[in-house]
Amino acid sequence: MDDLMIPPPGSAVPLDAPQVVDEPLLSSGAVGDALVSSFERLTMPHLPAISRFARSLTREAAAADDLVQETYLRALRGWHTFRDGSDARRWLFAICHHAFLRDVQREGLYVQPPDDDPELESLETVAAHWRAQQSGVADAAERLDLGQAINRAVGTLSPHYRAAVVLVDVEGQTYEEAAEVLGIPVGTVRSRLFRGRRMLQDLLFEYARDAGFDTTRTPAPPEARK
Amino acid sequence: MVRQLWPHLDGSLPDALQDRIAEHLTGCADCRSHFEFASTFLAAIREHGGSGVAVDMDELRIRVSRALAAVGDGGP
């Protein structure tokens, strides 16, 4: 549960927006309007990116829009913790992810993932691909409609793995940037990312088998060949 | 070598190690097939891993702005 308390990028104050909801600036009309106005100037340009991220996380339009709104409300409430010159986009990503995990937790779907060895994940990925090559599934997977298969597969990943894959592979963030958004060490990002990719590859091969592409050849026992 | 599959494809290894792996791949068809598949796979995730759902951004912007204004006015 540790990473439910994410420090926003550029701030030393832990992000837990509801704790700062009673900020005086937010409760007085004229000053509040000015605050909202300056907040919007800096944050609204990032709305498309946050919306895209929210959709990637939730995989559902209405839930994503709710998450975006919640993200901006939390961000406004925590606006006093934002430091001038910090990366507002990354800060909003962190808040969005934090709010998403809260929803997951509320729905009882939160499961703390194990810390896997990133190198072993690479090794397992290659071993799985080798087995798929031997059975003919790898060739078949390359003939699939990869777009549809991957889109479905990402939606089935558990939240932690999905977030790492979306941030690095879809949003193009570095391990370090993703670590800042997720509030976890870089090594944990690598672990979740590589595990997520391996699970996606497994799902892709499953789709290929389900689509009837499998052959009847039995693969030899997997082993690390390199 | 294959332990560095993802770090190599992400370009996150030190230059010398990146180069050493690249050199190995030119002479090892087995490893190359794994790396090439993984590279294609990553490109597909990059292209198709998002939700793919179209968003009415104007409508969303209005919705969020209204919610923010309500807070600025001392609302909920």
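Parameters at a glance
- Residues numbered from 1 in each chain as written.
- Chains lettered and ligands numbered in written order.
- Predicted model: local features only at pLDDT ≥ 70, side-chain atom pairs only at ≥ 80, totals over all residues.
- Heavy atoms only, no water.
- Contact = heavy atoms within 4.5 Å.
- Buried area = accessible area lost by both parts, 1.4 Å probe.
- Salt bridge = Lys/Arg side-chain N within 4 Å of Asp/Glu carboxyl O.
- Polar contact = N/O pair within 3.5 Å; in protein donor to acceptor, adjacent residues only side chain to side chain.
- Helix = DSSP H or I, 4+ residues; strand = E, 2+ residues; numbered from the N terminus.
- Nonpolar A, V, L, I, M, F, W, Y, C, P; charged D, E, K, R; others polar.
- Phe/Tyr/Trp six-rings, centres within 6.5 Å; stacked < 30°, edge-to-face > 60°.
- Buried < 20%, exposed > 50% of the residue type's maximum accessible area, 1.4 Å probe, protein only.
- Lys NZ or Arg CZ within 6 Å of the ring centre and 35° of its normal.
- pLDDT = per-residue confidence, 0-100.
- Expected span 1.5 Å × (residues − 1).

Asks: Help me understand the interface of chain A and chain B in this model?
Replies: By a widely used convention, the size of an interface equals the accessible area lost when the partners come together. In this complex, chain A contributes 55 residues to the contact, which on the side of chain B involves 42 residues. Across the interface of chain A and chain B, roughly 4,300 Å² is buried in total on both sides, 65% from carbon and sulfur atoms. Here chain A and chain B share two salt bridges between them. Across the pair arginine 197 of chain A and aspartate 10 of chain B runs a salt bridge whose closest N-O atoms are separated by 2.9 Å. Taken together, the connections running from chain A to chain B amount to 13 residue pairs in polar contact (both at pLDDT 80 or more). Among the secondary structure elements, those contributing two or more residues to the side of chain A that touches chain B are helix H1 (29-43), helix H2 (47-58), helix H3 (61-77), helix H5 (118-135), helix H6 (137-143), helix H7 (146-156), helix H8 (159-170) and helix H10 (186-210) of chain A. A class-by-class count of the residues in the side of chain A that touches chain B yields 27 nonpolar, 14 polar and 14 charged.

Asks: When you look at the packing of aromatic side chains in this model, what are you seeing that I'm missing?
Replies: The geometry of an aromatic ring pair is captured by two quantities: the separation of the ring centres and the angle between the planes. Residue and element names in this part refer to chain A. This structure, assessed with the given rule, holds nine aromatic pairs over all chains. Residues tryptophan 79 and phenylalanine 82 carry aromatic rings whose centres are separated by 5.2 Å and whose planes lie at 10° to one another, so their mutual orientation is stacked. Neither residue differs from the other here; tryptophan 79 and phenylalanine 82 are each classed as buried. Every member of this aromatic cluster is reached through a ring pair, and the members are Phe39, Tyr72, Trp79, Phe82 and Trp91. When the ring centre of tyrosine 207 is taken as origin, the NZ or CZ atom of arginine 152, which lies over that ring, is 4.3 Å away.

Asks: Any chance you could explain the side chain of threonine 81 of chain A here in plain terms?
Replies: One can find threonine 81 of chain A in the loop between H3 and helix H4 (88-106). Reaching out from threonine 81 of chain A, the side chain makes a polar contact with the backbone oxygen of glycine 78 of chain A at a distance of 2.6 Å.

Asks: Quick question: what am I supposed to make of the confidence of the model for chain B here?
Replies: For residues with low pLDDT, the predicted coordinates do not support detailed interpretation. Residue and element names in this part refer to chain B. Of all residues in chain B, 93% attain a pLDDT of 70 or more, and the chain-wide mean is 89. Mean pLDDT in chain B bottoms out at helix H4 (residues 57-72), which sits at 91, and peaks at helix H2 (residues 15-27), which reaches 94. Model confidence for the complex: the whole-complex pTM is 0.80, and ipTM, which rates the interface, is 0.87.

Asks: What is the right way to read H2 of chain A from this model?
Replies: Owing to its 3.6 residues per turn, the α-helix brings residues three or four apart onto one side. Residue and element names in this part refer to chain A. Taking 1.5 Å per residue, twelve residues should reach 16 Å; H2 reaches 16 Å between its end C-alpha atoms and fits that length. Most of H2 is tucked away, with ten of its twelve residues classed as buried. When H2 is considered as a whole, its buried residues turn out to be Leu47, Ala49, Ile50, Ser51, Phe53, Ala54, Arg55, Ser56, Leu57 and Thr58. Taken from the residues just after H2, arginine 59 is the one with a positive phi, measuring 60°.

Asks: How should I be thinking about the confidence of the model for chain A in this particular structure?
Replies: With 79% of its residues at a pLDDT of at least 70, chain A reaches an overall mean of 80. Here residues 215-226 of chain A scores under 50 on pLDDT; set against residues more than four positions off or in separate chains, the count is 21 contacts.

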